[in-house]
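Summary of the model geometry
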Amino acid sequence: MQHRYLGLVVTILLIGATTPGHANQIERACLKADRATASRALCGCIQDVADQTLRKTDQKLAASFFKDPARAQEIRQSDARRYEAFWKRYKSFGQTAQRYCAGSRN
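This write-up is about the structure you can find in this document. (Residues numbered from 1 in each chain as written. Predicted model: local features only at pLDDT ≥ 70, side-chain atom pairs only at ≥ 80, totals over all residues. Heavy atoms only, no water.)

With that settled, the discussion passes to the pattern of salt bridges. With the rule as written, the count across this model stands at 3 salt bridges. In this structure, Arg-89 and Asp-58 form a salt bridge, with 2.7 Å as the shortest nitrogen-oxygen distance. With a gap of 31 residues between them, Arg-89 in helix H6 (residues 81–100) and Asp-58 in helix H4 (residues 56–67) connect regions that are remote in the sequence. Close ionic contact of Arg-71 with Glu-74 constitutes a salt bridge, the shortest N to O distance being 3.4 Å. Remark: Glu-74 and Arg-71 occur in helix H5 (residues 69–77); sequence separation between them is 3 residues, near one turn of the helix. Glu-74 gets classed as partly exposed once you look at its relative accessible area, which sits at 48%. (Salt bridge = Lys/Arg side-chain N within 4 Å of Asp/Glu carboxyl O. Helix = DSSP H or I, 4+ residues; strand = E, 2+ residues; numbered from the N terminus. Buried < 20%, exposed > 50% of the residue type's maximum accessible area, 1.4 Å probe, protein only.)

The following block contains the structure:
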């Protein structure tokens, strides 16, 4: 099961107006992940999708997964309703980012 989440993060990185201090959290986390395929274009695209599909609080939580992938597994397996709802939104975000950002690798 943990491999499913890691696959989602890797796939997002491969294919691929907020408040001050919290702007572009996904993009910054993506760039800091130091993956060979993480470019400004790809990470910016992923951020654009996040801005359209995730709440700001969702983005903050999702950005934390780049630094601590085990946290994603904890959230995904949680029985808490708020995390179940988040995970549905996050999964949809990942699928949308895969489609939308496929041409943003450079």
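Summed over all chains, the structure comprises 2 disulfides. In this model, Cys-30 is linked to Cys-43 through a disulfide, with the two sulfur atoms separated by 2.0 Å. Sign of the S-S torsion, about -65 degrees for the bond between Cys-30 and Cys-43, identifies this disulfide as left-handed. Within this pair, whereas Cys-30 is found in helix H2 (residues 25–32), its partner Cys-43 is found in helix H3 (residues 40–53), the two being separated by 13 residues in sequence. As far as burial versus exposure is concerned, Cys-30 and Cys-43 are alike and both buried. (Disulfide = S-S within 2.5 Å.)

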